[in-house]
Structure formats: structure tokens, C-alpha cells
Amino acid sequence: MTEGAGLVERFVGVGVGAYDQARHVALPHAVPDVTAFAQLLGAGFVRTVLADPDEGAVRAGLRGLAGGQSGGVLVLLWAGHGIGSPSGLRLLACDSGSGPAEGVGAADVAGYCAASGASQLLLILDTCFSGEGLSAATVAAEVLQQLPLEANRLWVGVLTSCMAVETAQDGLLGERLRALLASGPADPVLRLRWSVHNRLIRGDDLCDALIKEWRDDRQSPQFLGRGSALWMMPNPLFDAGAPEQVVEHLLRAARGGAREEEQSWFTGRTAQVNQVVGWVRARRPGVYVVTGSAGTGKSAITGRVVSLSNPHERGRLLTEGGSWEHEDPGERSVQAHVHARGLRVDQAAELIAGQLVACGVLAAQESRRNAAELIGQLQRVVEAGADAPVVVVDGLDESRGEAFALAEELVLRLSRFAVVVVSTRDLPRLGGGAGLVSTLDPDGAGIDLDAPDVLEGTRRDVVDYVAARLAGVDPAMDPAMVAAQVGAGIAAEHGGTGRPFLLARLVADQLSAVPVDTQSPGWGDRVAGSVEQAFDNDLAAISAPSGIQLPGGGHVAVARVLLAALTRGYGAGLPEEEWLAIANTADTPIGDVDRDGLSWLLDQLGRYIVQDGEGGSAVYRMAHQSLADHIRAPFRTSYRQVFDPAAPAITAALASLYRARLDTGQEAERPAYLWRYLWRHAADAGPDGVDMLRHLADGHRPLVPDVASAGLLTAERFREWGYRQQALGATEEAVGLYRELAATKPAFLP
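Here we summarise the structure given alongside this text. (Residues numbered from 1 in each chain as written. Predicted model: local features only at pLDDT ≥ 70, side-chain atom pairs only at ≥ 80, totals over all residues. Heavy atoms only, no water.)

### Regarding the pattern of salt bridges
Inference 1: Scanning all chains against the criterion turns up 29 salt bridges.
Inference 2: Note that Arg-694 is salt-bridged to Asp-691, the shortest N-O span being 2.4 Å. Taken together, the positions of Arg-694 and Asp-691, both in helix α26 (residues 687-698) and three residues apart, correspond to about one turn of that helix.
Inference 3: Overall, the relative accessible area of 26% leaves Arg-694 in the partly exposed class.
Inference 4: You can call Asp-691 partly exposed: its relative accessible area is 30%.
Inference 5: Salt bridges sharing partners connect three or more residues here, namely Arg-193, Arg-202, Asp-204, Asp-205, Asp-208, Lys-212, Glu-576, Arg-595 and Asp-596. (Salt bridge = Lys/Arg side-chain N within 4 Å of Asp/Glu carboxyl O. Helix = DSSP H or I, 4+ residues; strand = E, 2+ residues; numbered from the N terminus. Buried < 20%, exposed > 50% of the residue type's maximum accessible area, 1.4 Å probe, protein only.)

Okay, here's the thing in C-alpha cells:
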């Protein structure tokens, strides 16, 4: 189950419930606990369970672990009797006596497990006095350091059922472990780590959740971890079809608060949703554009149709009594949905192709699909009689300089054989010519949310939305008065096009948490009049963390750095580890932030952050590009500064993270974010970034195409500002690499 398909995931369970000596009381839960835990790990693990073994069988089994793997995962669970001794905790087999030298030493068990070669090692000791076995973590760590594995990717964790001076209740730890592996934790912040978007959980997440949610005073579990934890075991909450969610709403739902009914987001806009549904139902190939200013609800309209197509979201809406005035597109009516944020043509094609494979439109293939392959394969399928699939491309304008390439090289060509629904702001073309919307459709957008009649409808929808969201929140707050003020402000701001739905959501979230008394003087001053004001108010009011050590600079400064790092992400967003790697680059003045710091930020400012999934991992991004631009002004290239000066440090941090993962034996494709987007960060850094990527590819040949892609993008940026000689050198290297690749992989010929 680890991130590398070639690595071994092994479980060894030792359950001793029956003993030869009458002085050792029988433990009826020991063997069943071990067996049940093994089953919950899933078929991906090689499982060995020793039921009531003698000392000889235990030692033989442990010796058999030595040198059996290089990297990967090993989980050991021992349930039975344990005794303290001068040499440390002794674990008793069925034939063990009660003397200080009886049984098997916990330190010996740790040594055998570490000698297996696993780079991620979790020992769970469910015995009396097991807290004495925490020292086994040190033993295992020392053994691991002697093995030919990358030191900064090794992790050892020891979880014990009680302290060194306590006895353990038979079955108590096993029951809680099974509950976690079956249902996950109850704590809202912990559930962010056990996200429905994460295919796997880390060993320290399992142990952390057990310790933090332990509620039995008969014993006190202990945990000690050493090293750098990676993904280890299946996440019971994983749902491949789960939609993106605003983090604050995830936390509120996990804490038992009322979840906003989805239909309240779509008060009004019936005509626009119906129009998109009509495009989907008709299945006529072509490009269908939804446009409008930032925050006018483009993504909400197309996203509504995607949600009702998604079986998971559709089922939730129906279960919660959802109803809607607009037409129903039908379950599985949308075959692919991609966020264009930061994507290039072939990346977007690969993501679309993956979804078309998952829904049975295209056949699977081992190699990446580029745009030409995707379009050719789809053409053959459709011409053979299949229905044209529906593809939704969200935020084409957010593709960071690639919008026109995506439009011309992918969307327009794909639209000959697919229904392609695009939500985007209009963009001018550098050097003149047709803008983005005209490029997609010379006749104009199918839906223009900036049209005067639509804007007036939008204002009414916002008023209704705010009133519905605030109804019943506080007797002193009149929802209609607040809604009227928000509506008036939206009508006045930028002619009514100033991100009305984004502002409405933020105001409703803020006032749901901290209501205003609409009878008090000046109450309107406490209602944000712009997205930026709403954010700045919330940022200034965040609370310093309790029990979490943050680096220097003050908690508001730390929050700003973390949010600025989040704006650097590509695709659907940044996974936790990549987010931290960027935030902790040498250019940031705050020092190191850890996962607890991220949890604090998500808890404090979750209404501005979306959790999504990509490549089997939970990822995070700002809730809107305009928020990202407010937090960190986007870098603009110039003749004097062609490449972003902050990008080399970011690329170096991410390349180091990637190298460490690859050195543990993971396949290059498994760290999905780095596989898909490291080359973009390298291109942002220019020749220095390409050098870093080239050095990484020297030992990992699957990354060679990324070196070529980064080189071509670097050449484009040089050429844009007249640096023709530099552009020529970068292009020549890229062409040489592509020719070499095409000799054995025809997909690279285009």
C-alpha cells in the first residue's frame, strides 16, 4: 500500500492467548485482535500471523525477516503477556516462564524488524508494562541507520498499550485500533489528515489518533516516533469520487454542526444551470463557454452539474433531502472534470484521459497520453459509435500563461469528438488578436454572467442566499437586513461584477460564527464589503495556537507565509508535505513549520482554503484565485527579470523531497504532485531549475521527458523577451531529449 508499487508491505502478528504455565492467565482477545487487525490492512499487505507460538517459532519467524526487503513497510503487532526485567520488556510466548530472562526481548524484536530492510517500521506492543518497550524505537533506529537506505526517509514508531508501570486490559487496545482502521478518528482536525481524498494514512497518524482519542482511564497508551513518516496503510475514509470541500465546512460537519444544504448555494441561477444541463444532455460535440468576472459563480454553475453527475455527491444530496428547481443532468453524465489551474496541454490531456479510462470510454495504457494521442483515440471510439463524452474544464484562465495553448491545442481539437464545457474569465491575447472567449467560440459565450440581466438576477440570488444562510443563527441578527446590505454593496462594487458569490459565502461564514446585532449602531461596519476586507479581518483576528510550537515572527506572520506558500501550487493544489517544503524554504523568515502548524492554520482560516484530491492524496488550494493574488501578488516576467527569483529555492526544496522519496524505491509516478508538476516549478526557476531537474533525472530516467518540457517552457520565456541565444540552447537540448525518447516511444514523435 505504500507509494511505490514495487515495495513490500508486510504485517507480522504475534498473538499469544494460551500459555503452558498456569500462572499466566489466558487472554481470549489476543489472537482475535491480531487476526482482525491483519484483515483491516487489506490485500496489499503480505500477512503473517503467529497464533500462540512458542519461543522457537517466534525467533524463527523474526529471523526470517532479515534482508527480506529494501524499503517499504513493516507493521508488527504483539498481543499477549509482557513482564519487566533489568534488560527491558520481555514478551512472553506460549512456553515462556516468568523469570527475567524468559520470552523474547522487545529490543530484540525491534532489531529483527529493523534488519528486514523496511524503511517505515511500526511496532505495536499490547502487553502489560509495555511502556517499557518504547526504548525499542531507539534500537530499531540505530539498526536502520546501518542499512543502505536514505536516512531522511526512515521512520520507526512504537505504540504501547500502557505505561511501563501499568497493566493492560485484554482487548482494549485492539478494539480501538480496529475502530480507527474501520472508521477513522472522530476529531475534526485529525479527520483532515484522514481525508476522504487520501488513499493511505501514515503510521504516525494512526498512533496520534489513538493517543488523542483515548478515553479509558484504566491504562494510558504511549507512542514514540523517530524519523520521517510516510504513507503506510489503507485509509478507511478514502473515496475516489469525493468532491472538493471548503475546509471550514468539513470541520463544521465533523464537529456535528449543521451542514449547509447544497441547494442553498444555488438559489436562483436556474436558467444558467438548465442551459449547462441542456448541453450535457444533447451530447453534441463542441465547446460551450460559461464566462464572467471573478467570483460571479462560473465554477459554481458548472460544478453543480458535475456534483449531480458524481454518484457520491448525488447520493449525499438525495440522502439529505436535497431538491432543486433546475433540470437534472443525470448520474455519471459528466465523464471528466479538470481544474486548468497551472496545467499545460499534455498534463490536462493526461488527467482527462485517466478519467475517461476510469469510466470506460478509453482503454488503459501504461505510458502517458499526450494531447494528440488522447484526441486520436477518442476519435476512433466516437466514430465507432460511442456517445461523445462530456468534459468540464474549470478555470481555463487560471492556467498561468497556458490558457490560449490549452484552448487551441486541446479544447478546440477535443471538441470535435466531445462536449467540452469551459468556465473561464475572458483574457486578452498578447500581441493582439482574438481574446480567450472568442478563441473558444467566435459567436461568444453560451452564458455570460456579466450580462446586465444576469447581474441583476445574481444580486437577487445573493440576497436570497445570505438570508437563507443566516436564518435562525442569532435572534439579534436580522438576516434580511444583512442580506440587503450585502446586495447593495455588490450592486455598487465594480458595476456589480465584484465576486458576488464569493463575498456572499465569506460574509455568511463570518456572521454564522460571530453574529452582529442589527439593532446596534454601526452594525454594518462589521459586515465585510469586499473579499479582501473579509480576509484581512479574519487574518487579523486569528488566535495563537494552544499547545503547538510555532517558529518566530508571530502567529499572523506564520499564517501569511503558509498561505503565500499555498498560492505556489499547481493543479488541484498542494499536498501537506509539498506545502510544508515550500513554506520552509530558506527564503521564508519564520523558520520551520510542521504539520501541527498546518492543522492550526486550517482550523483558523479554513473558510479560505479548499481541500481537494489528486493522485490519491488530499491537496489544498486557496478558495479563489483572487484571494491568492491578494495574499501574494503574482510574479510578472520582464526583460530584466525573466524568471521568478523565489522559484529556485522552491524547486530545490521540492527536488530534494522527490529525490528522498525515489531513493526509498518509490516509483516516480507515485508522489503524484511531484510527478505532475515539479517540472513547472523548475521552469519557473529558469536554467537553474532545469539543472536541478536534470540532476534528478540522471538516476531516474522516467523524469527525462520532464527535463525536456521544462527546457521548452524556459526557452519560450527567453524568446518572449528577446534572449534568442539562450532560447536556442534550451530548445536544442529539449529537442535532443525528445528525439532520444521517440526512438523507443512513438508517443513522443509529435
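### Structural notes on the sheet that holds strand β16 (residues 419-424)
Inference 1: Taking strand neighbours across the sheet as the criterion, the five strands line up as β14-β15-β16-β13-β17 in an open arrangement whose pairing is parallel. The sheet is open, and its two edges are formed by β14 (336-339) and β17 (447-448), each paired on a single side.
Inference 2: Relative to β16, strand β13 (residues 286-291) runs parallel, the two being bridged by six bridges. Residue pairing for β16: Val-290 is matched across the bridge by Ser-423. (Pairing = 2+ DSSP bridges.)

### With respect to the sheet that holds strand β8 (residues 155-160)
Inference 1: Spatially, six strands are ordered β2-β1-β3-β7-β8-β10 in an open sheet, and the strand pairing comes out mixed. This sheet does not close on itself; its edge strands, each paired only once, are β2 (46-51) and β10 (222-227). Between one strand axis and the next, the sheet turns by 10° as a mean value, whatever way the strands run.
Inference 2: The sheet contact formed by strand β1 (residues 9-15) and strand β3 (residues 73-79) spans seven bridges and is parallel. Across the sheet, residue Gly-13 finds its bridge partner in β3, namely Leu-77.
Inference 3: Lying over the sheet, helix α3 (residues 106-114) contacts β3 and β7 (120-126), oriented at roughly 155° with respect to β7. (Axes fitted to C-alpha atoms, helices over the stretch in contact; angles between N-to-C directions. Contact = heavy atoms within 4.5 Å.)

### Considerations on the nonpolar core
Inference 1: Trp-579 and Ile-609 are the most contacted members of the largest nonpolar core, which totals 120 residues.
Inference 2: The contact partners of Ile-609, leaving out residues within four places of it in the chain, are Gln-245, Val-246, Val-247, Leu-563, Leu-566, Trp-579, Leu-601, Leu-602, Tyr-620, Arg-621, Met-622 and Ala-623.
Inference 3: Counting 67 residues, the second largest nonpolar core, distinct from the first, contains Leu-27, Leu-74, Ala-79 and Leu-210. (Core = buried A, V, L, I, M, F, W, Y, C linked by side-chain atoms within 4.5 Å.)

### What about the side chain of Ser-626?
Inference 1: Tracing the backbone shows Ser-626 in helix α23 (residues 625-631).
Inference 2: Within polar-contact distance, the side chain of Ser-626 engages the side chain of His-624 at 2.9 Å. (Polar contact = N/O pair within 3.5 Å; in protein donor to acceptor, adjacent residues only side chain to side chain.)

### A word on the packing of helix α19 (residues 531-541) against helix α20 (residues 555-566)
Inference 1: The N-to-C vectors of α19 and α20 enclose an angle of 135°; their axes lie 9 Å apart at closest approach. The pairing of α19 with α20 is recorded here as oblique in orientation. Residues Phe-535, Asp-536 and Leu-539 of α19 form the contact with α20, whose own contacting residues are Val-556, Ala-559, Arg-560 and Leu-563.
Inference 2: Partitioned by chemical class, the residues of the contact of α19 with α20 number five nonpolar, no polar and two charged. (Parallel < 35°, antiparallel > 145°, perpendicular 65-115°, else oblique. Nonpolar A, V, L, I, M, F, W, Y, C, P; charged D, E, K, R; others polar.)

### Examining the packing of aromatic side chains
Inference 1: Per the stated rule, a full pass over the model turns up ten aromatic pairs.
Inference 2: Ring geometry for Trp-155 versus Phe-223: centroids 6.5 Å apart, planes at 40°, classification tilted. Here the residue Trp-155 occupies a position in strand β8, and Phe-223 occupies one in strand β10, the gap between them amounting to 68 residues.
Inference 3: Here Trp-155 falls in the buried class, since its relative accessible area comes to 3%.
Inference 4: Among the residues examined, Phe-223 registers a relative accessible area of 29% and is labelled partly exposed.
Inference 5: Grouping aromatic residues by their ring pairs yields a cluster made of Tyr-639, Phe-643, Phe-718 and Tyr-723.
Inference 6: A cation over a ring is seen here: Arg-680 above Trp-679, with NZ or CZ 5.6 Å from the ring centre. (Phe/Tyr/Trp six-rings, centres within 6.5 Å; stacked < 30°, edge-to-face > 60°. Lys NZ or Arg CZ within 6 Å of the ring centre and 35° of its normal.)

### Focus: helix α22 (residues 595-605)
Inference 1: With eight of eleven residues buried, α22 is to be regarded as a mostly interior element.
Inference 2: By the burial criterion, the buried members of α22 are Arg-595, Gly-597, Leu-598, Ser-599, Trp-600, Leu-601, Leu-602 and Leu-605.
Inference 3: Its side-chain oxygen 3.1 Å from the backbone nitrogen of Asp-596, Asp-594 forms the N-cap of α22.

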